[in-house]
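# Structure assessment
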Amino acid sequence: MEASSLYQTYSRANLSFARGEGVWLETADGRRFLDCAAGIAVNSLGHCHPALVAALEAQAGKLWHVSNVYAIDGQEEFARKLTQATFADRVFCTNSGAEALECAIKTARRYFYAKGEPDRVDIITFEGAFHGRTLATIAAGGQEKYLEGFGPKAPGFVQVPFGDHEALLDAIGETTAGILIEPIQGEGGVRPVPTEYLRELRKLCDDNGILLILDEVQTGVGRTGKLFAHEWAGITPDIMAIAKGIGGGFPLGACLATEEAASGMKPGTHGTTYGGNPLAMAVGNAVLDVVLTEGFLEEVQKKALMLKQKLAGVVDGHPAVFEDIRGKGLMLGLKCRVTNTDLLARFREAGLLAVGAGDNVLRILPPLTITEAEIGEAVSRIEQAATAMESGLERGAAE
Ligand code: PLP
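A short tour of the structure in this document, coming up. Remember, predicted model here, so these are calculated numbers, not experimental data. Residue positions are counted from 1 within each chain, in the order its sequence is given. With pLDDT at 70 or above as the cut-off, local features in this predicted model cover only qualifying residues; side-chain atom pairs require 80 or more to be listed or tallied, and sums for whole chains, interfaces and linings still use all residues. Hydrogens and waters are ignored; side-chain quantities use all the structure's heavy atoms.

Our next topic: the sheet that holds strand β10 (residues 211–215). We call two strands paired when DSSP finds no fewer than two bridges between them. Secondary structure elements are taken from DSSP: a helix is a run of H or I of four residues or more, a strand is a run of E of two residues or more, and numbering for both begins at the N terminus. Taken in spatial order, the 7 strands of this open sheet run β4-β12-β11-β10-β7-β5-β6, and their pairing is mixed. Both outer strands of the open sheet, β4 (90–94) and β6 (157–160), are each paired with one neighbouring strand and no more. On average, each strand axis in the sheet is tilted by 20 degrees relative to the strand beside it, whichever way the strands run. Axes here refer to lines fitted to C-alpha atoms; in helices the fit is confined to the stretch in contact. Angles between the N-to-C directions go from 0 to 180 degrees.

The residue Lys-302 is located in helix α10 (residues 296–317) in this model. Residues Lys-302 and Ile-382 lie 80 residues apart in sequence; the distance between their C-alpha atoms is 20 Å.

A word on the sheet that holds strand β13 (residues 322–328). Sheet architecture is open: 4 strands sit in the order β13-β14-β17-β16, paired in antiparallel fashion. Both edges of this open sheet fall to β13 and β16 (355–357), since each of them pairs with a single strand only. Across this sheet, the average inter-strand angle for adjacent strands is 30 degrees, counted without regard to direction. Pairing between strand β14 (residues 331–336) and strand β17 (residues 361–364): 4 bridges, direction antiparallel.

The next thing to look at is the layout of surface pockets. Approximately 740 Å³ is the volume found for the second largest pocket. Around the second largest pocket, the lining comprises 27 residues; the ones closest to its centre are Gln-75, Arg-90, Val-91, Phe-92 and Cys-93. When contributions to the lining of the second largest pocket are tallied by element, the ones reaching two or more residues are α3 (73–85), β4, α4 (97–114) and β12 (253–257). Residue polarity is assigned by list, with Asp, Glu, Lys and Arg as charged and Ala, Val, Leu, Ile, Met, Phe, Trp, Tyr, Cys and Pro as nonpolar; anything else, Gly included, falls into the polar class. Looking at the lining of the second largest pocket residue by residue, the classes come out as 14 nonpolar, 9 polar and 4 charged. Cavities and pockets are defined on a 1 Å grid built over the protein atoms alone: a cavity is a set of grid points where a 1.4 Å probe fits but cannot escape, while a pocket is an open set with protein on both sides within 12 Å along at least five of seven lines, and lining residues are those with an atom within 4 Å of any such point. Grid points are joined across faces, edges and corners, and a volume is the space filled by probe spheres set on the points.

Moving on, we get to the site of the ligand. Throughout, the term near means that a residue has one or more heavy atoms lying within 4 Å of the molecule or strand in question. Contacts to the ligand come from Ser-96, Gly-97, Ala-98, Phe-130, His-131, Gly-132, Glu-182, Glu-187, Asp-215, Val-217, Gln-218 and Lys-244. For the ligand, an oxygen atom lies 2.8 Å from a polar atom in the backbone of Gly-97. With respect to the ligand, the backbone of Ala-98 contributes an N or O atom lying 2.8 Å from an oxygen atom. In these tables, accessible area is a Shrake-Rupley quantity obtained with a 1.4 Å probe, and a residue counts as shielded only by the protein chains included in the view. Burial of the ligand by the protein chains amounts to 81% of its free accessible area of 390 Å². In terms of residue class, the shell around the ligand is made up of 3 nonpolar, 5 polar and 4 charged. Here a polar contact means two N or O atoms within 3.5 Å. Within protein one must be a hydrogen donor candidate and the other an acceptor candidate, and residues neighboring in sequence count only if both atoms are side-chain atoms.

What follows concerns empty space enclosed by the protein. Inspection of every chain in the model, using the stated rule, returns 1 cavity of 30 Å³ or more. By volume, the largest cavity is sized at about 40 Å³. Ala-41, Ser-44, Val-217, Gln-218, Gly-220, Arg-223, Lys-244 and Gly-245 are the residues that line the largest cavity. Of the residues in the lining of the largest cavity, the class split is 2 nonpolar, 4 polar and 2 charged.

Rendered as structure tokens:
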């Protein structure tokens, strides 16, 4: 292969794909893989979903871009659909998750600024969090491996250990603007926040007059079997960042907020060239139409239960390979006893794609459209990979 001219920022697998259909990806030489990574929870409706292809093709022949100087019909429609389906009254469209988080952070700070409390700038986050790779979002995530070498950490983020309530209480003070949390930590290793704790956080924010900001970039748009994961806890945030699944593979994100929380975001306070452009909106609207179809999310819940039960059987059957299964809906994490990247390689040999995460976990994030038969196929390939891994371990021990 010719030497690459790209930035060497990714440790890429030696694998590339020529086409995709549903949950399947195919290489140029015809090898087929069951995609249980879905572009890291992005291809919510699988590859080349006919409704998304049709929406994009139709828009491509009409209008690509006009800028946010003008009204964009698709954007109004997109925001209306989201506000009708959620807690939110206002939507700002972005191109990515990190940009949605940037908007969420700015919205929170600006809310207090407009209220005459400009010193309330601090956002409390949790150890193990991941909120993106911009300078503000690496500071929010607080992980040294992402901060190292990039100069001073952006101020205004206070991190507390995951699940340490006392530390959280201590961290709330006169400069606190809000609490930012993923309902299930994704990159951190599919670590769910218990629903009762999410309720506790809502109450804590209310009692202290600060904002609850949810990062549903990975958990949103049906991934956990509800449109958004916080619905399981019966609470609503003040501000929420979404991306990934909402575009089904087209770059799209959004920041959602209540009227009150968004009240500081006046004309000129924020903007983007591409966010919410007609192409992205055509796809985003088509994704929402499918996900909001009656019965779609119930079907996801049913299939998710089936997948989790079957995978729990595989985990039980291979105690030398797996420690545990966790997560919700179609966002599952297999906590490994072997090195997760070694097992990931075995998965690939068995023709299945998953994705690694922190805490030695492999994430299983199939498209929400996976069928029951494909779930059976995925589980049998994971079983095959676990068996191969186990024989490798036994061989290693015998030598
Ligand atoms: N927040 C969470 C929870 C994520 O999982 C990610 C990406 O993995 C991001 C934010 C950043 O999104 P993006 O890579 O689109 O900027």
